[in-house]
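So the chains spell out like this:
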Amino acid sequence: MNVQINKFGDILISRPAGKEAFLMAKSYIFDSLTFDEPINLDFENVKVLTPSWADEFITGIKTNYKNNINYINTQNESVSASLKTVLN
């Protein structure tokens, strides 16, 4: 399953917004997710990503789903630094 993160906005900056994005994704995007289907989080066109937003969204996925998560289009410095903080 591919998830275009920029559908939640191109400036993703707060913990409440990250939680809201995860809850929306859980209801409308992940509802058809199969148990072993990988989740590809695509950060193309995301300008700003903060660790707080990423933590809420990614932790929500990890807590509720056991699927393999892949991170693509993470070249933006804001995205790569925030993911490094959250995933380490």
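This text gives an overview of the structure that appears in the document. For clarity, every value in this text was computed on a predicted model and none was experimentally measured. (Residues numbered from 1 in each chain as written. Predicted model: local features only at pLDDT ≥ 70, side-chain atom pairs only at ≥ 80, totals over all residues. Heavy atoms only, no water.)

**Remarks on the pattern of salt bridges**
Any two side chains of opposite charge can pair, on the condition that their charged atoms come close.
In step 1: One pass over the full model with this rule turns up three salt bridges.
In step 2: Its salt-bridge partner being arginine 15, residue aspartate 55 comes within 2.9 Å of it at the nearest N-O pair. Of this pair, aspartate 55 sits in helix H2 (residues 51-64) while arginine 15 sits in helix H1 (residues 15-28), placing them 40 residues apart in sequence.
In step 3: A relative accessible area of 26% places aspartate 55 in the partly exposed class.
In step 4: Residues joined by salt bridges that share partners form a network here, namely Arg15, Asp55 and Glu56. (Salt bridge = Lys/Arg side-chain N within 4 Å of Asp/Glu carboxyl O. Helix = DSSP H or I, 4+ residues; strand = E, 2+ residues; numbered from the N terminus. Buried < 20%, exposed > 50% of the residue type's maximum accessible area, 1.4 Å probe, protein only.)

**Section: the sheet that holds strand S5 (residues 69-72)**
In step 1: With respect to topology, three strands assemble into an open sheet ordered S1-S3-S5, the strand pairing being parallel. Each having just a single partner strand, strand S1 (2-4) and S5 make up the two edges of the open sheet. With strand direction ignored, the average angle separating the axes of adjacent strands in the sheet is 25°.
In step 2: As judged from the four bridges shared by strand S3 (residues 39-42) and S5, these two strands associate in the parallel manner. (Pairing = 2+ DSSP bridges. Axes fitted to C-alpha atoms, helices over the stretch in contact; angles between N-to-C directions.)

**What about H2?**
In step 1: Here H2 spans 19 Å end to end across 14 residues, near enough to the 20 Å set by a 1.5 Å rise per residue.
In step 2: Along H2, the residues that are buried comprise Trp53, Ala54, Phe57, Ile58, Gly60 and Ile61. Relative to the axis of H2, the buried residues are bounded by an arc of 150° and lie together on one face.
In step 3: Contact partners of the buried residues in H2: strand S2 (11-12), H1, S3, strand S4 (48-49), S5 and helix H3 (77-87). (Expected span 1.5 Å × (residues − 1). Arc of directions from axis to C-beta. Contact = heavy atoms within 4.5 Å.)

Geometric values such as these leave the question of function open.
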